[in-house]
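Here's the letter readout for the chains.
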2 protein chains.
Amino acid sequence: MSQKETYHHGDLRQTLLNEALAWIAQEGISNISLRGLARRVGVSHNAPYRHFEDKTALLAAVAAEGFQSLTAALSGAISQDSTDYLGNLEAIGVAYVGYGVQNFARYRVMFGPALSECHQRSPLAAAAGDAFNVLVEAIVQGQAAGVIRRDNPEKIARIAWALVHGLVMLAIDGQLSLTPGDSLEEIAHYATRLLSAGLAPWRSPADGQPLQ
Amino acid sequence: MSQKETYHHGDLRQTLLNEALAWIAQEGISNISLRGLARRVGVSHNAPYRHFEDKTALLAAVAAEGFQSLTAALSGAISQDSTDYLGNLEAIGVAYVGYGVQNFARYRVMFGPALSECHQRSPLAAAAGDAFNVLVEAIVQGQAAGVIRRDNPEKIARIAWALVHGLVMLAIDGQLSLTPGDSLEEIAHYATRLLSAGLAPWRSPADGQPLQ
DNA sequence: CGAGAAAAGTTGTCGCTGTCAACATAGAGG
DNA sequence: CCTCTATGTTGACAGCGACAACTTTTCTCG
């Protein structure tokens, strides 16, 4: 819209990215095709190749956009001046689940099988790392304040990430079977509370052995 | 092997299922094709259609096999006569992660996007439900013994499932970045310990509000 | 035992897809 | 003005999923 018609046909690159998201949201990720995308946008079947090396590259660009907005969503969920570090951690978890479910089409691309092979490649890995670091930072702060046990913060972050990631995946795939009264947001809250309770620095009486 | 050569060309159905797994393990799930599968097995490109309605049906059969063996793996992980219910729960979690990582090709099919639309359909849903019930049962036992807080056991099970599912997905996609000394099995142990610590029935001092 | 039905496999075809190669056009810069 | 490069188009090819029609094998049952 903004800078369209300025060049040959406008900024086709961003148009393709947006249309891909709309397509995936409507018909799922498995049936998406470059040719169909070009058709919907109104260009020839080979025009996308001027902006993306191949189909995977287009999906990777969608994913990279996703990780950036995910990072923003997570950063925006915490209150920087708050000293409720556990609350911040829980807020990050809830925000993560909310982002994944609201942007489920993008999320499917970000963690879909098409990108699973090249997922350690930059700049996709860098974008994903930024989002991960928001989580690590919150854990480090909680450890400094003494409300989170002092194990390797990255290790804790990986587990917290796995928890919310699993919630999003199951929710997107419709396998959470949400009963009325158990909204997804409530489950996310409950899950993050459960984890943060387990993260307490004192050893719980049920756990005869020290953790780790 | 067992009942081969008895009919036209042997039991093509199972041969196709096995070959599909081998293919996915080698080259990923995105590039699999019915025609290539038939080629590898040595039949014509349309022979698979005598055993599976379409490509999705074949993948669904692979997934159904997977959920059955997953159920067996989880059931085998717990010691029925033990009274260490938290230990049983943790063992289920570790077994789940182990199954997913060892059978990563099958796991990708079970939770891949091809089946995400029809995932509530039987008998796939029933097979998945069996695996889920192993988890619920362990939680109910722990609640009866008083070592797990008495919230809705299915709700707790969904969260535990999300945790281990997320771990498997991230591990399979190579996004767990396992540092030396942090083996996946150790992370799975740590994660399940963390969760079971959070599941303790007493309220932790850090949590000013009662959970739920 | 023998004919017909049903199961299992094959060949042929269609439209669609990803990708490569060659060609066309529009703006930029000398 | 003329060329260079970025962008978009047309054409082609092999591979794919799926359907239809045909053949071969096995089973069933009178």
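Residues numbered from 1 in each chain as written. Chains lettered and ligands numbered in written order. Predicted model: local features only at pLDDT ≥ 70, side-chain atom pairs only at ≥ 80, totals over all residues. Heavy atoms only, no water.

1. Focus: the protein's contact with DNA strand D
In the neighbourhood of DNA strand D, 25 residues make up the surrounding shell, with S44 and H51 of chain A together with R35, R39 and N46 of chain B lying closest. Among atoms of DNA strand D positioned within 4 Å of the protein, sugar and phosphate together represent 52%. Within the side chain of N46 of chain A, one N or O atom sits 2.9 Å away from a base oxygen of DNA strand D. At a separation of 2.7 Å, a base nitrogen of DNA strand D approaches a polar side-chain atom of R35 of chain B. Among the elements that take part in the surface near DNA strand D, helix α2 (residues 34-41) of chain B stands out by supplying three residues, more than any other. Its residues placed into classes, the surface near DNA strand D shows seven nonpolar, eleven polar and seven charged. (Near = heavy atom within 4 Å. Polar contact = N/O pair within 3.5 Å; in protein donor to acceptor, adjacent residues only side chain to side chain. Helix = DSSP H or I, 4+ residues; strand = E, 2+ residues; numbered from the N terminus. Nonpolar A, V, L, I, M, F, W, Y, C, P; charged D, E, K, R; others polar.)

2. So, the side chain of R108 of chain B
If you trace the backbone, R108 of chain B turns up in helix α5 (residues 104-110). If sequence neighbours within four positions are ignored, R108 of chain B has contacts with S116 of chain A together with I29, I172 and D173 of chain B. (Contact = heavy atoms within 4.5 Å.)

3. Concerning the interface of chain B and chain A
With 51 residues of chain B at the contact, the number on the chain A side is 51 residues. Linking chain B with chain A are six salt bridges, by the criterion used here. Close ionic contact of K155 of chain A with E186 of chain B constitutes a salt bridge, the shortest N to O distance being 3.7 Å. For the pair chain B and chain A, the number of links is four residue pairs in polar contact (both at pLDDT 80 or more). (Salt bridge = Lys/Arg side-chain N within 4 Å of Asp/Glu carboxyl O.)

4. Regarding the packing of aromatic side chains
Two aromatic rings are characterised by how far apart their centres lie and by the angle between their planes. Under the criterion given, the structure shown has ten aromatic pairs over all chains. Between Y107 of chain B and F111 of chain B, the aromatic rings sit 4.7 Å apart at their centres with planes inclined by 35°, giving tilted as the arrangement. The burial state of Y107 of chain B is the same as that of F111 of chain B; both residues are buried. Ring geometry for F132 of chain B against W161 of chain B: centres 5.5 Å apart, planes inclined by 50°, an arrangement best described as tilted. In this pair, F132 of chain B sits in helix α6 (residues 124-145) while W161 of chain B sits in helix α7 (residues 153-172), placing the two residues 29 residues apart along the sequence. As far as the burial class goes, F132 of chain B and W161 of chain B line up, both buried. One aromatic cluster is present, built from ring pairs that chain together F67, Y96, Y107, F111, F132 and W161 of chain A. In this structure, K155 of chain A is placed above the aromatic ring of Y190 of chain B, and the distance from its NZ or CZ to the ring centre is 4.4 Å. (Phe/Tyr/Trp six-rings, centres within 6.5 Å; stacked < 30°, edge-to-face > 60°. Buried < 20%, exposed > 50% of the residue type's maximum accessible area, 1.4 Å probe, protein only. Lys NZ or Arg CZ within 6 Å of the ring centre and 35° of its normal.)

5. Some thoughts on the packing of helix α4 (residues 85-102) of chain A against helix α6 (residues 124-144) of chain A
All names here are of chain A. Put simply, α4 and α6 touch, their axes get as near as 9 Å, and they point 160° apart. Of the possible angle classes, the one that applies to α4 and α6 is roughly antiparallel. Relative to α6, α4 is oriented so that their crossing is left-handed. Counting all contacts with α4, which are made through Y85, L89 and I92, the residues of α6 involved are V134, L135, A138, I139, Q141 and G142. A class-by-class count of the residues in the contact of α4 with α6 yields seven nonpolar, two polar and no charged. (Axes fitted to C-alpha atoms, helices over the stretch in contact; angles between N-to-C directions. Parallel < 35°, antiparallel > 145°, perpendicular 65-115°, else oblique. Left-handed = near helix turned anticlockwise from the far one by under 90°.)

6. Some details on the protein's contact with DNA strand C
Close to DNA strand C lie 25 residues; R35, R39 and N46 of chain A together with S44 and H51 of chain B are nearest. The share of sugar and phosphate among atoms of DNA strand C within 4 Å of the protein is 52%. The contact in question runs from a base nitrogen of DNA strand C to an N or O atom on the side chain of R50 of chain A, over 3.1 Å. The separation between a base oxygen of DNA strand C and a polar side-chain atom of N46 of chain B is 2.9 Å. Tallied by class, residues from the surface near DNA strand C come to eight nonpolar, ten polar and seven charged.

7. Description of the nonpolar core
Ranked by internal contacts, the top residues of the largest apolar core, which has 143 residues, are L58 and Y96 of chain A together with L58 and Y96 of chain B. If near-sequence neighbours (up to four positions away) are discounted, L58 of chain B is found in contact with L16, L17, A20, L34, L37 and F52 of chain B. (Core = buried A, V, L, I, M, F, W, Y, C linked by side-chain atoms within 4.5 Å.)

8. Notes on α7 of chain B
For α7 of chain B, which comprises 20 residues, the first-to-last C-alpha distance of 28 Å matches the rise-based estimate of 28 Å (1.5 Å per residue) to within 8%. Where α7 of chain B begins, the side chain of N152 of chain B points an oxygen toward the backbone nitrogen of E154 of chain B, at a separation of 3.0 Å. (Expected span 1.5 Å × (residues − 1).)

9. Brief notes about the environment of L184 of chain A
Residues and elements named next belong to chain A. By secondary structure assignment, the location of L184 is in helix α8 (residues 184-198). With relative accessibility at 15%, the residue L184 sits in the buried group. Spatially, the C-alpha atom of L184 lies 8.5 Å from that of G98, the residues being 86 residues apart in sequence.

10. Section: the pattern of salt bridges
Following the criterion strictly, the structure yields 16 salt bridges over all chains and no others. Note that R158 of chain B is salt-bridged to D182 of chain A, the shortest N-O span being 3.5 Å. Note that R158 of chain B is positioned in helix α7 and D182 of chain A in the loop between α7 (153-172) and α8, a pairing that runs across two chains. Among the charged side chains, a network of salt bridges with common partners joins K155 and R158 of chain A together with D182 and E186 of chain B.

11. A few points about the relation of the copies chain B and chain A
The two copies are related by a screw operation: chain B maps onto chain A through 180° of rotation and 0.0 Å of translation along the axis, at an RMSD of 0.0 Å. Here the symmetry operator amounts to a two-fold rotation axis. An overlap of 100% is found between the interface residues of chain B and their copies at the interface of chain A, pointing to a shared contact surface. (Least-squares fit on C-alpha atoms with pLDDT ≥ 70 in both.)

12. Considerations on the packing of α6 of chain A against α7 of chain A
Axis angle and axis distance: for two packed helices, these are the angle between their axes and the distance between the axes, and together they describe the pair. Residue and element names in this part refer to chain A. One way to put it is that α6 packs onto α7 with a least axis distance of 9 Å and a crossing angle of 125°. Relative to α7, α6 is oriented oblique. Crossing geometry of α6 relative to α7 is assigned as right-handed. Judged by residue contacts, F132, L135, V136, I139, V140 and Q143 of α6 engage P153, E154, I156, A157, R158, A160 and W161 from α7.

13. Some remarks on the confidence of the model for chain A
Residue and element names in this part refer to chain A. When pLDDT is averaged along chain A, the result is 89, and 89% of the positions lie at 70 or above. Confidence over residues 1-6 falls short of pLDDT 50; this stretch has six contacts with residues more than four positions distant or in other chains. Throughout residues 205-212 the model reports pLDDT below 50, and contacts reaching past four residues in sequence, or to other chains, amount to 17 contacts. (pLDDT = per-residue confidence, 0-100.)

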